[in-house]
Amino acid sequence: MRRRLFSMLAAVAVACASVGAAVTGGPASASAPEGATASAAAAESYEWKNVRIDGGGFVPGIIFNQTEKNLIYARTDIGGVYRWEQSGRSWTPLLDWVGWDKWGYNGVVSLATDPVETDRVYVAAGMYTNGWDPNNGAVLRSADRGATWQATPLPFKLGGNMPGRGMGERLAVDPNDNSVLYLGAPDGNGLWRSTDKGVTWAKVASFPNPGNYAEDPADPNGYLSHRPGVVWVTFDPTSATAGNATQKIYVGVADKENTVYSSADGGATWSRVPGQPTGYIAHKGVLDHVNHTLYIATSDTGGPYNGGKGDVWKLDTTTGAWTRISPIPSTSADAYFGYSGLTVDRQDPGTLMVATQISWWPDVIFFRSTDSGATWTRIWDFTSYPNRSFRYTMDISSSPWLTFGSNPQPPEVTPKLGWMTESLEIDPFDSNRMMYGTGATIYGTEDLLKWDTGGQITIKPMVRGLEETAVLDLVSPPSGAPLVSALGDIGGFRHTNLDAVPPMMFTSPTFTSTTSLDYAESNPAVMVRAGNFTDSERPGDSHVAFSTDGGANWFQGTEPAGINEGGTVAAAADGSRFVWAPKGVGVHYSVGYGNSWTASTGLPTGAVVESDRVKPGTFYGFGGGKFYVSTNGGASFAATAATGLPTEGDVKFKAVPGRAGDIWLAGGSGATSGIWRSTDGGASFAKLPGVTSAVNVGFGKAAPGKSYQALYAVATIGGVTGVFRSDDTGATWVRINDDEHRYGNMGEALTGDPRVYGRVYLGTNGRGILYADREGTVPPDDTVPPTRPGIPAASAITSTGATLTWTASTDAVGVTGYDVYREAGATDVKVGSPSSASFALTGLTPDTSYTFYVIARDAAGNSSTASSPVTFTTLAGSSGGDGCTATYRVANSWPGGFQGEVTVKNTGTSAIGGWTVKWSFPDGQKITQLWSGVHTQTGADVTVKNANWNGALAGGASTVFGFGATWTGANGVPTAVTCAAS
């Protein structure tokens, strides 16, 4: 799901250049200020780049140019548009110039690429059609593939992030006379036309139906009551010659009884296409002009999150005959979805594909026909439930987090094939290439034709360069990974390398959205995060989690009653305690890692909390225009006498590292917005002159020769809204972004880097995480190796394998992986390079002694000292069981508790009907809960039998069970774990 952070809107009143004429971006030109009261800030050149995540949001539209190979665009619902670069196989963002004054332009409801003058591209921009977006929509036009833009404001709003945004495309260029464009409008505004290449627009008065469908006409927020209106336009290029307006045009309308219209006279008159199906909305309308066939894919809702019924139809445009060609018709008992994602192979027009709208469980379904819809094959089929066969394999090695850290039970698999797939497109020049959008990425294949010959196609992410995350918080600690992020929809990451995709989002637990992050200033390996998930799906999980290794691993604490959303959370300067302000629930504090929570007093529900970065017992809060202080570790708060602080709008505040009681506060609304500073622990605040509005403030490494940290702000200073840096405690400011990098939805998260002067990290709502360095800056080389790994412990020893686990190394920048070596005389043998502190050994010889050790690596290529070695002897004979093995590992650990995981594998070629696993805990550990199995524990001895659904294992197959347990003193792994088959 994509979202707009509405609280940000009230936090800043912008004063940016109007987007009415040419919009080219470029750095600001301003004279140096005279102190803090200057009318303009100086500018400094910076290089802006994305912190790589690759994807992270919904891509409702992928648009191939029909006359130029490899000219491809993608539109997003809140993150602008992108152009494909074939040479680098990546996407280039095109709307970074959009500023706060027109932030809604980052919501894109449609895009059209000109088939005649292929340098031309058009965008229908506007995020919301209710009051959330104060501006009307606009048509943006570019004659240089998105390098520069001009805009025509419209007299109505557009909804790039409204219901129905995956339908389309509603913006289209006449393929014969490219001066003519059509735009389908929402909310009763009908069909619009331009005859001068998008410069001016007029309503098509003769078009009879603006569309009446709304998901919930009574929605008081004006969101679900949105009417998508006129949703697609399709030309028949054979109905005219080049240079003359196309005569035959088809238009789709969100009206269940009247969903397809046509014109035979170039748009002068329109009529409902006779004989059309009723009861559903045509999400897509694709014309095969070679065979004179119009295909439509219909659903019972506007999507993109829902849709339970629908059909696929084709219209013979010569005879007027309609034929239902649904792979599964809506009348079938097996129909639980509508259809969307419709595409025709232009190299072989009788071949088409369609996607379900929507099949959340067990997965999206793609259907393919090579005979114009007479027969279909599915990309996956059920064999014997819950098993499925697949016409595809997935390679997500470039974006491994797409598993979402999940381990689903059949028939679900990870990664999912997709969801919210409104756009599925076959390359018009290459029948082997297909791309499709999901709620998190763009996937694609380049061997699609294997589908038709019985082979498996390979699906990979095709999303590099497209960054669409909504960023809710960022921290850059003084040691460990340079950046840790809190994100909407995909939780967040530990970024050890800013230019590489992180391997996995936060897990244990997984939050849908992480709302707040903090670390202990004097002990930065200690971190805490709070976040959201659907409580009914995971009633045993908590909305708060902790890490003692800088965010590499997490464990969850308990939580007070009634919590549904994360709110904000703060760590004491030394990591000894935490204060948590969950959304809608009173503030609480915990001594230790959330084993118990006690209600705080004196701070109102809904307050924002932070910690002093020097004094472990001091915490701060802000709410309702008042500032609060606790000096007893969050047990009680008292309002200070500070006055003049904002009473409305979003407010952020932070304490300065290394300076007790030094606090900066930014935000507010209208005339009360700005930046304030306190040097007496919040007892009083002074507002900075020259800053007329602000969104956020952060700190980074001090400038050379300075002792006070550099300040960063998203603010309006000297009449210019941008990203600013101050090296002199806010006396003067320099603008560090430019007009090409205005990032209209920026500022909810902001921090400097405490290790690299001038580096800033900027969060956006839809364009991911940006980081920027002063132009020409070369970050210092990392020459410090990681710390020495702990001695490996060998567990789950069998005749042919074992599992090694060790205490993780730490590093100033971040450990990227480990090398595991086997001692072998003069030249030791590297047997593996895991990314985490465990490794499964295989292929060992029975009854043989082995010695292994581990070396850690960091992103700069530094290697640690080798760990002390571990020596063990494999079991004799068959590997500890009768036809199966069991591999034990500690998946996560925290003070007093841990999570374990055991993989059971059938080592034979014949199926087994059940299994029993046994071990003895060496240190008195106690299992508190176990899933995917049935266990008994007597003293140290544990026996686990299969559940009723995972006992039967085919030859070579495996299953996993997990458990939670307690420990005191030590948490050693069992020396032997046996498995017996039955």
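Residues numbered from 1 in each chain as written. Predicted model: local features only at pLDDT ≥ 70, side-chain atom pairs only at ≥ 80, totals over all residues. Heavy atoms only, no water.

**Concerning the overall build of the chain**
Here is step 1 of the chain: When you go through the chain residue by residue, the secondary structure sums to zero helices and 75 strands.
Here is step 2 of the chain: Relative to a compact globule of 982 residues, whose C-alpha radius of gyration would be 30 Å, the chain shows 30 Å and is just as compact.
Here is step 3 of the chain: The C-alpha extent of the chain, read off along each of the three principal axes, is 85 × 80 × 55 Å.
Here is step 4 of the chain: Counting across all 982 residues of the chain, residues that qualify as buried make up 58%.
Here is step 5 of the chain: Counted over contacts in the chain with a minimum sequence separation of 6, partners at least 24 positions apart contribute 57%.
Here is step 6 of the chain: Within the structure as shown, the chain displays about 33800 Å² of accessible surface, and the carbon and sulfur contribution to it stands at 50%.
Here is step 7 of the chain: For the chain, the separation between the mean place of its 68 positive charges and that of its 86 negative charges on side chains is 1 Å. (Helix = DSSP H or I, 4+ residues; strand = E, 2+ residues; numbered from the N terminus. Rg over C-alpha atoms; globule rule 2.2 N^0.38 Å. Buried < 20%, exposed > 50% of the residue type's maximum accessible area, 1.4 Å probe, protein only. Contact = heavy atoms within 4.5 Å. Areas by Shrake-Rupley, 256 points an atom, 1.4 Å probe, with all protein chains shown as cover. Lys, Arg positive; Asp, Glu negative; His and termini not counted. Charge placed at Lys NZ, Arg CZ, Asp CG, Glu CD.)

**A short note on the sheet that holds strand 50 (residues 663-667)**
Here is step 1 of the chain: The sheet built from four strands is open, its strands ordered 49-50-51-52 with antiparallel pairing. Because the sheet does not close on itself, it has two edges, and the strands there are strand 49 (651-655) and strand 52 (686-687).
Here is step 2 of the chain: Strand direction decides the pairing type here: strand 50 and strand 51 (residues 674-678), joined by five bridges, are antiparallel. Each residue of the ladder has a partner; that of Gly667, found in strand 51, is Gly674. (Pairing = 2+ DSSP bridges.)

**Thoughts on the confidence of the model for the chain**
Here is step 1 of the chain: When pLDDT is averaged across the chain, the result is 91; 95% of the residues are at 70 or more.
Here is step 2 of the chain: Note on residues 1-39: pLDDT under 50 across the span, and 123 contacts to partners over four residues away in sequence or across chains. (pLDDT = per-residue confidence, 0-100.)

**Observations concerning the state of the cysteines**
Here is step 1 of the chain: Inspection of the entire model under this criterion finds one disulfide.
Here is step 2 of the chain: Two residues, Cys884 and Cys979, share a disulfide whose sulfurs are 2.0 Å apart. Around the S-S axis, the bridge from Cys884 to Cys979 shows a dihedral of about -105° and counts as left-handed. Of this pair, Cys884 sits in strand 68 (residues 884-894) while Cys979 sits in strand 75 (residues 977-981), and the two are 95 residues apart along the sequence. Each of the two residues, Cys884 as well as Cys979, counts as buried. (Disulfide = S-S within 2.5 Å.)

**Some thoughts on the side chain of Arg83**
Here is step 1 of the chain: Along the polypeptide, Arg83 turns up in strand 5 (residues 81-85).
Here is step 2 of the chain: Under the relative-accessibility criterion, Arg83 is labelled buried at 16%.
Here is step 3 of the chain: Reaching out from Arg83, the side chain makes a polar contact with the backbone oxygen of Arg145 at a distance of 2.4 Å.
Here is step 4 of the chain: Once residues lying within four places of it in the same chain are set aside, the contact partners of Arg83 are Leu71, Ile72, Tyr73, Ser90, Trp91, Thr92, Leu94, Arg145 and Gly146. (Polar contact = N/O pair within 3.5 Å; in protein donor to acceptor, adjacent residues only side chain to side chain.)

**Thoughts on the nonpolar core**
Here is step 1 of the chain: Phe366, Ile379, Trp401 and Leu417 are the most contacted members of the largest nonpolar core, which has 56 residues in total.
Here is step 2 of the chain: Looking at this core element by element, the count peaks at four residues for strand 24 (residues 352-357).
Here is step 3 of the chain: Other than its neighbours up to four places away in sequence, Ile379 contacts Phe366, Ser389, Phe390, Arg391, Tyr392, Leu417, Trp451, Ile457 and Ile459. (Core = buried A, V, L, I, M, F, W, Y, C linked by side-chain atoms within 4.5 Å.)

**Quick look at the packing of aromatic side chains**
Here is step 1 of the chain: Within the structure shown, the criterion is met by 45 aromatic pairs.
Here is step 2 of the chain: Aromatic pair Phe156 and Trp192: ring centres 5.1 Å apart, planes at 55°, arrangement tilted. In this pair, Phe156 sits in the loop between strand 10 (150-153) and strand 11 (171-173) while Trp192 sits in strand 13 (residues 191-194), placing the two residues 36 residues apart along the sequence.
Here is step 3 of the chain: Since its relative accessible area comes to 4%, Phe156 is described here as buried.
Here is step 4 of the chain: Note on Phe337 and Phe367: the rings are 6.3 Å apart at their centroids and 40° apart in plane angle, and the pair reads as tilted. Taken as a pair, Phe337 in the loop between strand 22 (322-324) and strand 23 (338-344) and Phe367 in strand 25 (residues 366-369) lie far apart in primary sequence, 30 residues in all.
Here is step 5 of the chain: Given the relative accessible area of 1%, Phe337 is considered buried.
Here is step 6 of the chain: Pairwise contacts between aromatic rings join Tyr888, Phe898, Trp915, Trp919, Phe921, Phe961 and Phe963 into one cluster. (Phe/Tyr/Trp six-rings, centres within 6.5 Å; stacked < 30°, edge-to-face > 60°.)

**What about the pattern of salt bridges?**
Here is step 1 of the chain: Counted according to the given criterion, the structure contains 34 salt bridges.
Here is step 2 of the chain: As a salt-bridge pair, Glu44 and Arg774 come within 2.9 Å of each other at their nearest N and O atoms. Pair noted here: Glu44 is in the loop between strand 1 (42-43) and strand 2 (46-50) and Arg774 is in strand 59 (residues 769-774), with a separation of 730 residues, a long-range link.
Here is step 3 of the chain: Its salt-bridge partner being Glu169, residue Arg75 comes within 2.9 Å of it at the nearest N-O pair. Of this pair, Arg75 sits in strand 4 (residues 72-75) while Glu169 sits in the loop between strand 10 and strand 11, and the two are 94 residues apart along the sequence. Accessibility classification places Arg75 together with Glu169 in one group, the buried group.
Here is step 4 of the chain: Via salt bridges that share partners, Glu44, Arg725, Asp727 and Arg774 belong to a single interconnected network. (Salt bridge = Lys/Arg side-chain N within 4 Å of Asp/Glu carboxyl O.)

**Some details on the layout of surface pockets**
Here is step 1 of the chain: For the second largest pocket, the calculated volume is near 940 Å³.
Here is step 2 of the chain: Forming the walls of the second largest pocket are 34 residues, and the residues nearest its centre are Phe64, Gln66, Val233, Thr234 and Arg346.
Here is step 3 of the chain: Listed by contribution, the elements that provide at least two residues to the lining of the second largest pocket are strand 3 (61-64), strand 7 (108-113), strand 11, strand 15 (230-235), strand 19 (281-288), strand 23 and strand 30 (424-426).
Here is step 4 of the chain: In terms of residue class, the lining of the second largest pocket is made up of 21 nonpolar, nine polar and four charged. (1 Å grid on protein atoms, 1.4 Å probe; cavity = no way out; pocket = protein on both sides within 12 Å on 5 of 7 lines; lining within 4 Å. Points joined across faces, edges and corners; volume = space filled by probe spheres on them. Nonpolar A, V, L, I, M, F, W, Y, C, P; charged D, E, K, R; others polar.)

**Quick look at the environment of Gly190**
Here is step 1 of the chain: Examined against the element boundaries, Gly190 turns out to sit in the loop between strand 12 (181-184) and strand 13.
Here is step 2 of the chain: Remark: the alpha-carbon pair of Gly190 and Thr807, spanning 617 residues in sequence, is separated by 64 Å.
Here is step 3 of the chain: With residues up to four places along the chain from it excluded, the contact list for Gly190 reads Leu183, Gly184, Ala185, Lys203, Pro210 and Val230.

**Here's the deal with the sheet that holds strand 63 (residues 829-832)**
Here is step 1 of the chain: The strand order across the open sheet built from four strands is 63-62-65-66, with neighbouring strands paired in antiparallel fashion. The open sheet terminates on both sides in strands that have one partner only, identified here as strand 63 and strand 66 (870-873). Geometrically, the sheet is characterised by an average inter-axis angle of 40° between neighbouring strands, direction not taken into account.
Here is step 2 of the chain: In this structure, strand 62 (residues 815-822) lies alongside strand 63, joined through three bridges in antiparallel fashion. Looking at strand 63, one finds that Arg822 is bridged to Val829. (Axes fitted to C-alpha atoms, helices over the stretch in contact; angles between N-to-C directions.)

**A closer look at a nonpolar patch on the surface**
Here is step 1 of the chain: Taken together, the side chains of Trp360, Trp361, Phe382 and Tyr385 make up a nonpolar region of the molecular surface, amounting to roughly 470 Å² of accessible area.
Here is step 2 of the chain: Following the sequence through the fold, Tyr385 ends up in the loop between strand 27 (380-382) and strand 28 (388-390). (Patch = residues over 30% accessible without salt bridge, like charges linked within 9 Å, V, L, I, M, F, W, Y side chains within 5 Å.)

**Notes on unusual backbone geometry**
Here is step 1 of the chain: Cis geometry is adopted by the peptide bond preceding Glu169, which originates at Gly168 and carries an omega value of 15°.
Here is step 2 of the chain: Here the residue pair Trp361 and Pro362 is connected by a cis peptide bond, since its omega of -5° sits within 30 degrees of zero.
Here is step 3 of the chain: Its location among the elements puts Pro362 in the loop between strand 24 and strand 25.
Here is step 4 of the chain: If you check the backbone angles, Arg145 has positive phi at about 65° while not being a glycine.

**Here we look at the side chain of Arg141**
Here is step 1 of the chain: When you line up the elements, Arg141 lands in strand 9 (residues 138-142).
Here is step 2 of the chain: No salt bridge is formed by the buried Arg141; the nearest opposite charge belongs to Asp196, separated by 7.1 Å.
Here is step 3 of the chain: Side-chain polar atoms of Arg141 contact the side chain of Thr152, separated by 3.0 Å.

**Re the pairing of strand 6 (residues 90-93)**
Here is step 1 of the chain: With four bridges connecting them, strand 5 and strand 6 associate as antiparallel partners. Across the sheet, residue Tyr82 finds its bridge partner in strand 6, namely Pro93.
Here is step 2 of the chain: Adjacent in sequence and paired antiparallel, strand 5 and strand 6 are bridged by four residues, among which Arg89 carries a positive phi angle near 50°.

**Concerning the environment of Ser673**
Here is step 1 of the chain: Of note, Ser673 is situated in the loop between strand 50 and strand 51.
Here is step 2 of the chain: Look at Ser673 and you get buried, because its relative accessible area is 1%.
Here is step 3 of the chain: Between the alpha carbons of Ser673 and Ala703 there is a distance of 27 Å; along the sequence they are 30 residues apart.
Here is step 4 of the chain: A polar contact is formed between the side chain of Ser673 and the backbone oxygen of Gly667, at a distance of 3.0 Å.

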